[in-house]
Amino acid sequence: QVQLVESGGGLVQPGGSLRLSCEGSGFTFSSFAMSWYRQAPGKERELVAGISSVGNSRNYVDSVKGRFTISRDNAKNTVYLQMNSLKPEDTAVYYCHARGGGPRTMIYWGKGTLVTVSS
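Bear in mind the structure is a predicted one, so any value in this text is a computation, not a measurement.

Calculation criteria
- Residues numbered from 1 in each chain as written.
- Predicted model: local features only at pLDDT ≥ 70, side-chain atom pairs only at ≥ 80, totals over all residues.
- Heavy atoms only, no water.
- Buried < 20%, exposed > 50% of the residue type's maximum accessible area, 1.4 Å probe, protein only.
- Salt bridge = Lys/Arg side-chain N within 4 Å of Asp/Glu carboxyl O.
- Helix = DSSP H or I, 4+ residues; strand = E, 2+ residues; numbered from the N terminus.
- Contact = heavy atoms within 4.5 Å.
- Core = buried A, V, L, I, M, F, W, Y, C linked by side-chain atoms within 4.5 Å.
- Polar contact = N/O pair within 3.5 Å; in protein donor to acceptor, adjacent residues only side chain to side chain.
- Pairing = 2+ DSSP bridges.
- Axes fitted to C-alpha atoms, helices over the stretch in contact; angles between N-to-C directions.

A. A look at unusual backbone geometry. In this structure, Asn-77 is a non-glycine residue whose phi angle is positive, near 50°. The class of Asn-77 is partly exposed, set by a relative accessible area of 28%.

As C-alpha cells, this is what we get:
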C-alpha cells in the first residue's frame, strides 16, 4: 500500500542540471520529514538533503550546498531535488526517504533512481 516512487534520473553532462521527483502514497505525506540519500559504487549511502514536514527547515551535505535544492509540495504528495552544476562525483543511485512520528516511528524508502554525470 505504501509507495515512494522516484523519477527524473538519467544521464547528464558535467555542469548540467537534473530535477528528481518522489511521489508518496498510502501514508500521510504531510506529516513526514522527507530526505534524499545517494549511494555510489564502493561507498556508503549518505544523506544528501532533508526537509521538514511543512518545508520550513532544510539541510544539505556540504558537498552539494549551493548546488542542490530540496523542496516539497504537500498538495501533490511530492518531494523534489533540483540538482545544478552537476559533477561526475554526483554519480550515484538516489533514494527517496520518509520519516514520520506519532505512536510509532515510520520509515519508508523508495527503490532508487540512477543519476550518471558524464561526458
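B. Spatial organisation of the pattern of salt bridges. Per the stated rule, a full pass over the model turns up four salt bridges. Residue Arg-67 pairs with Asp-90 through a salt bridge whose shortest N-O separation is 2.8 Å. Pair noted here: Arg-67 is in the loop between strand E6 (58-60) and strand E7 (68-73) and Asp-90 is in the loop between strand E8 (78-83) and strand E9 (92-100), with a separation of 23 residues, a long-range link. An identical accessibility class is assigned to Arg-67 and Asp-90; each is buried.

C. View of the side chain of Ser-35. Positionally, Ser-35 belongs in strand E4 (residues 32-39). Those residues in contact with Ser-35, other than ones at most four positions away along the chain, are Leu-47, Ala-49, Gly-50, Ile-70, Tyr-95, Cys-96 and His-97.

D. Examining the nonpolar core more closely. In this structure, Met-34, Trp-36, Val-79, Leu-81, Met-83 and Tyr-94 are the most contacted members of the largest nonpolar core, which totals 28 residues. Counting residues per element, the ones that place at least two in this core are strand E3 (18-25), E4, strand E5 (46-51), E7, E8, E9 and strand E11 (113-117). With four residues, E9 is the single largest residue contributor to this core. Ignoring any residue separated from it by four or fewer positions in sequence, one finds Met-83 in contact with Gly-16, Ser-17, Leu-18, Leu-20, Arg-67, Phe-68, Tyr-94 and Val-115.

E. Spatial organisation of the environment of Asp-73. Inspection of the secondary structure assignment puts Asp-73 in strand E7. When its relative accessible area of 25% is taken as the criterion, Asp-73 is described as partly exposed. In the structure, Asp-73 is positioned 34 residues away from Gln-39 in sequence and 25 Å away in space, judged by C-alpha atoms. Every residue in contact with Asp-73, bar those within four places of it in the chain, is listed here: Phe-29, Thr-78 and Tyr-80. Within the structure, Asp-73 has its side chain in polar contact with the backbone nitrogen of Ala-75 (distance 3.2 Å).

F. A look at the sheet that holds strand E1 (residues 3-7). Taking strand neighbours across the sheet as the criterion, the four strands line up as E1-E3-E8-E7 in an open arrangement whose pairing is antiparallel. Among the strands making up the open sheet, the edge pair consists of E1 and E7. Along the sheet, successive strands turn relative to each other by an average axial angle of 15°, direction set aside. Where E3 lies against E8, six bridges are found, and the strand directions are antiparallel. Residue pairing in the sheet places Leu-18 in a bridge with Met-83 of E8.

G. Region of interest: the side chain of Ser-21. Counting through the fold element by element, Ser-21 comes out in strand E3. Accessibility expressed as a relative area gives 19% for Ser-21, which makes it buried. Once you skip the residues sitting within four places of it in the chain, Ser-21 turns out to touch Val-5, Glu-6, Ser-7, Trp-36, Thr-78, Val-79 and Tyr-80.

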